[in-house]
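# Fold and contact review
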Amino acid sequence: MNPQAKLIFVTSLLLGTTITISSNHWVMAWTGLEINTLAILPLISKSHHPRAIEAATKYFLVQATASTLVLFSSMTNAWYTGQWDITQLTHPTSSLILTAAISMKLGLVPFHFWFPEVLQGSPIITGLLLSTAMKFPPITLLYMTSLSLNPTLLTTLAILSVALGGWMGLNQTQTRKIMAFSSISHLGWMAIILVYYPKLTLLNFYLYAMMTAAVFLTLNSMKVLNLSMLMTAWTKAPSLSTILLLTLLSLAGLPPMTGFLPKWLIIQELTKQDMAPAAIIISLLSLLGLFFYLRLAYCATITLPPHTTNHMKQWHTNKPINPSIAVLTTLSIMLLPISPMLATII
């Protein structure tokens, strides 16, 4: 892709995100979401492969439908209350339609079908943007309207998302699809706590985005697209495979990694809100996700390809590791000890 065109699209992504997260008026928020959608489409379809074109078409149709619902929800609220302010979403029908629209934009169950397909048809770096940066504006809209949303509906969507994200990721062999179902599962954890402690949702998102960025960048450096390629990666890039093992375990939420922190705080808050059954269910369902993270980690580090040549492992390769991978991996592993400080910040 032309560097000038890529610069324009990336700048438009930043502009759209900034407009949405800084707006008070529904129409401005909607404008930001539309700019985002139009900016990411060329990045999805830049390879001109039929799979990429199909992914871009699916993404456009889903996001256009969701944006229409956002506009419809805000217009209905303005019709009844005379308010266009995002925080003044008081009409129950409007909040219901908005929940459906944002769920569609994020890929929460039952509006999740598009997400794995789109991620599979996109390049790895575009997949990283779709999993992290493109989720930020819709999550900020949920954060701003959290007082008006229906807790029972969000809890139901959250538990279903964690269940289906874990269940459907079990039999996948493509790394991008596995990361898509991982994203759906993590969104469930964010949605369940949204009404009770919105700042915790944002903290969870930030940590998730950091860990996912580390995984995607590592996969991109290793040029790994499926499990069979991952099985032969250890002999080529042992250091990157080790990094992948650690970030995947963190993404699974195992202590003492960073990924344990949001899960721990969410379970604690749910128990305080007399929602112990929901906390138990969502904790047990996250074991499904743990299984496929462990399978990825196993393929990356423990399985060796048959007929390996007898040569020394190349820990020092000619190609240095991307510094951003090193920084993100360090943060993905070592933030748990400062959890008291993070708890006081939020």
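All of these numbers come straight from a predicted model, not from anything done at the bench. (Residues numbered from 1 in each chain as written. Predicted model: local features only at pLDDT ≥ 70, side-chain atom pairs only at ≥ 80, totals over all residues. Heavy atoms only, no water.)

## Focus: the overall build of the protein
Within the protein, the regular secondary structure consists of 17 helices and zero strands. Relative to its length of 346 residues, the protein is compact, with a C-alpha radius of gyration of 20 Å against a globular reference of 20 Å. Considered along the principal axes of its C-alpha atoms, the protein spans approximately 75 × 50 × 35 Å. Taken over 346 residues, the protein has a buried fraction of 53%. Counted over contacts in the protein with a minimum sequence separation of 6, partners at least 24 positions apart contribute 78%. For the protein, the accessible surface area stands at approximately 15300 Å², while carbon and sulfur atoms represent 71% of it. On the protein, the mean spot of the 16 positive side-chain charges and the mean spot of the 6 negative ones are 18 Å from each other. (Helix = DSSP H or I, 4+ residues; strand = E, 2+ residues; numbered from the N terminus. Rg over C-alpha atoms; globule rule 2.2 N^0.38 Å. Buried < 20%, exposed > 50% of the residue type's maximum accessible area, 1.4 Å probe, protein only. Contact = heavy atoms within 4.5 Å. Areas by Shrake-Rupley, 256 points an atom, 1.4 Å probe, with all protein chains shown as cover. Lys, Arg positive; Asp, Glu negative; His and termini not counted. Charge placed at Lys NZ, Arg CZ, Asp CG, Glu CD.)

## Notes on the packing of helix α3 (residues 50-81) against helix α4 (residues 92-106)
Contact pair α3 / α4: the axes reach a minimum separation of 8 Å and the direction vectors enclose 160°. Overall, the two elements α3 and α4 adopt an arrangement that is roughly antiparallel. Viewed along their axes, α3 and α4 form a crossing whose handedness is left-handed. Residues Val 62, Gln 63, Thr 65, Ala 66, Ser 67, Leu 69, Val 70, Phe 72, Ser 73, Thr 76 and Asn 77 of α3 touch α4, and the partners they reach there are Ser 94, Ile 97, Leu 98, Ala 101, Ile 102, Met 104 and Lys 105. For the contact of α3 with α4, the per-class residue count stands at 10 nonpolar, seven polar and one charged. (Axes fitted to C-alpha atoms, helices over the stretch in contact; angles between N-to-C directions. Parallel < 35°, antiparallel > 145°, perpendicular 65-115°, else oblique. Left-handed = near helix turned anticlockwise from the far one by under 90°. Nonpolar A, V, L, I, M, F, W, Y, C, P; charged D, E, K, R; others polar.)

## What to know about the side chain of Arg 176
Among the structural elements, Arg 176 can be located in helix α9 (residues 175-193). One buried charged residue, Arg 176, remains without a salt bridge, the closest side chain of opposite sign being Glu 117 at 11 Å. In this structure the side chain of Arg 176 is engaged in a polar contact, spanning 2.6 Å, whose partner is the backbone oxygen of Ser 122. Beyond its immediate sequence surroundings of up to four residues, Arg 176 is in contact with Leu 119, Gln 120, Ser 122, Pro 123, Ile 124 and Leu 225. (Salt bridge = Lys/Arg side-chain N within 4 Å of Asp/Glu carboxyl O. Polar contact = N/O pair within 3.5 Å; in protein donor to acceptor, adjacent residues only side chain to side chain.)

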